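A closer look at the structure
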Amino acid sequence: VQRGDECGVLTAKGLSQLAALPHLEILALSHCSEALTAEAWSAFRGKRLLRWVNLDGVLSDAALAEIAACPQLEVLTISGVRGITAAGLRPLANCRWLTEIHLENTDLDDDGLEPLAKIRSLRLLFLDGTRVTPQGLARLHTALPHCAIVYNGTMILPDPLPAVSKAAPTSR
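Definitions and cut-offs
- Residues numbered from 1 in each chain as written.
- Predicted model: local features only at pLDDT ≥ 70, side-chain atom pairs only at ≥ 80, totals over all residues.
- Heavy atoms only, no water.
- Helix = DSSP H or I, 4+ residues; strand = E, 2+ residues; numbered from the N terminus.
- Buried < 20%, exposed > 50% of the residue type's maximum accessible area, 1.4 Å probe, protein only.
- Contact = heavy atoms within 4.5 Å.
- Areas by Shrake-Rupley, 256 points an atom, 1.4 Å probe, with all protein chains shown as cover.
- Pairing = 2+ DSSP bridges.
- Right-handed = clockwise from strand over helix to strand, strands pointing away.
- pLDDT = per-residue confidence, 0-100.
- Salt bridge = Lys/Arg side-chain N within 4 Å of Asp/Glu carboxyl O.

What follows is about the overall build of the protein. Within the protein, the regular secondary structure consists of 6 helices and 7 strands. When the helices and strands of the protein are placed in sequence order, the string is α-β-α-β-α-β-α-β-α-β-α-β-β. Relative to its full complement of 172 residues, the protein shows a buried share of 42%. For the protein, restricting intrachain contacts to residue pairs at least 6 apart in sequence, the fraction spanning at least 24 positions comes to 53%. In the form shown here, the protein has an accessible surface area of approximately 9,300 Å², with 56% of it arising from carbon and sulfur atoms.

Shown next as structure tokens:
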């Protein structure tokens, strides 16, 4: 569901109506002017088909925890969201299918990288416009060597995946 260029005023009731859509896989809400509470986002808890969430505007740590409770979440974009902390990112470690996160233009700093380092499925991470330092990036790359990281116009390439050895068949 994508509502034009701007979300405008989306109420908790409107959000619960979106959550009730039985085949909702992608949710993109831009420029929401009202902070939707964790209670409003709880309508998405356990939403099995929701794979892609794209938000900007206002989002709390508690609301992010409700979004992280979507078991099939693969891509999360929360660009331009201020106030997300390491505590808010911690529940994302339980998203075993999460491969891509966009955190551009957020207040994220090195402390916020710690929970991201636990997302072993992560393959692409965007950190442009954050307060992350090069030292924090180096630690994150060590923890997630198979994740490409985009940071202020530079891409840290992932290490190659280990080759699968093909042993010669043994003769009997």
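The structure having been displayed, the exposition proceeds.
Let us now look at the environment of serine 16. Here serine 16 is to be found in helix α1 (residues 12-19). Exposure remark for serine 16: the relative accessible area of 31% places this residue in the partly exposed category. Sequence spacing of serine 16 and glutamate 39 is 23 residues, and the spatial spacing of their C-alpha atoms is 9.9 Å.

Another point: the pairing of strand β2 (residues 52-55). Of the two faces of β2, the one lined by Val53 and Leu55 is fully buried and the one lined by Trp52 and Asn54 carries no buried residue. The pairing of strand β1 (residues 26-29) with β2 spans 4 bridges and is parallel. Bridge pairing in β2 places alanine 28 opposite asparagine 54. Summarising the sheet, β2 and strand β3 (residues 75-77) pair through 3 bridges and their orientation is parallel. In the strand pairing of β3, valine 53 is matched with leucine 76. In the classification by handedness, the crossover that spans β2, the intervening helix α3 (residues 61-68) and the parallel β3 is right-handed.

With respect to the element layout, glycine 88 can be found in helix α4 (residues 86-89). The class of glycine 88 is buried, set by a relative accessible area of 1%. Contact partners of glycine 88, with chain neighbours within four places excluded, come to Asp61 and Leu64.

Below, the discussion takes up the confidence of the model for the protein. Here the protein shows a mean pLDDT of 85. Residues at 70 or above account for 85%. Looking across the protein, the model is least confident in helix α2 (residues 38-41), with a mean pLDDT of 82, and most confident in strand β5 (residues 124-126), with 97. Per-residue pLDDT stays below 50 along residues 1-5; that stretch engages in 11 contacts with residues further than four places along the chain or on separate chains.

Okay, α3 next. Helical geometry: 3.6 residues make up each α-helical turn, so side chains three or four residues apart lie on a common side. For α3, the set of buried residues is Ala63, Leu64, Glu66, Ile67 and Ala68. Contacts made by the buried residues of α3 are with α2, β2, β3 and α4.

Another point: the pattern of salt bridges. Two side chains of opposite charge can pair, provided their charged atoms sit close to one another. Here the structure, examined in full by the defined rule, presents 8 salt bridges. We note a salt bridge from arginine 45 to glutamate 66, for which the minimum N-O separation is 2.9 Å. In this pair, arginine 45 sits in the loop between α2 and β2 while glutamate 66 sits in helix α3, placing the two residues 21 residues apart along the sequence. You can call glutamate 66 buried: its relative accessible area is 13%. When the shortest N-O distance is used, the salt bridge between aspartate 109 and arginine 131 registers 3.9 Å. Remark: arginine 131 occurs in the loop between β5 and α6 (134-143) and aspartate 109 occurs in the loop between β4 (100-102) and α5 (110-116); sequence separation between them is 22 residues. Assessed through its relative accessible area of 25%, aspartate 109 is described here as partly exposed.

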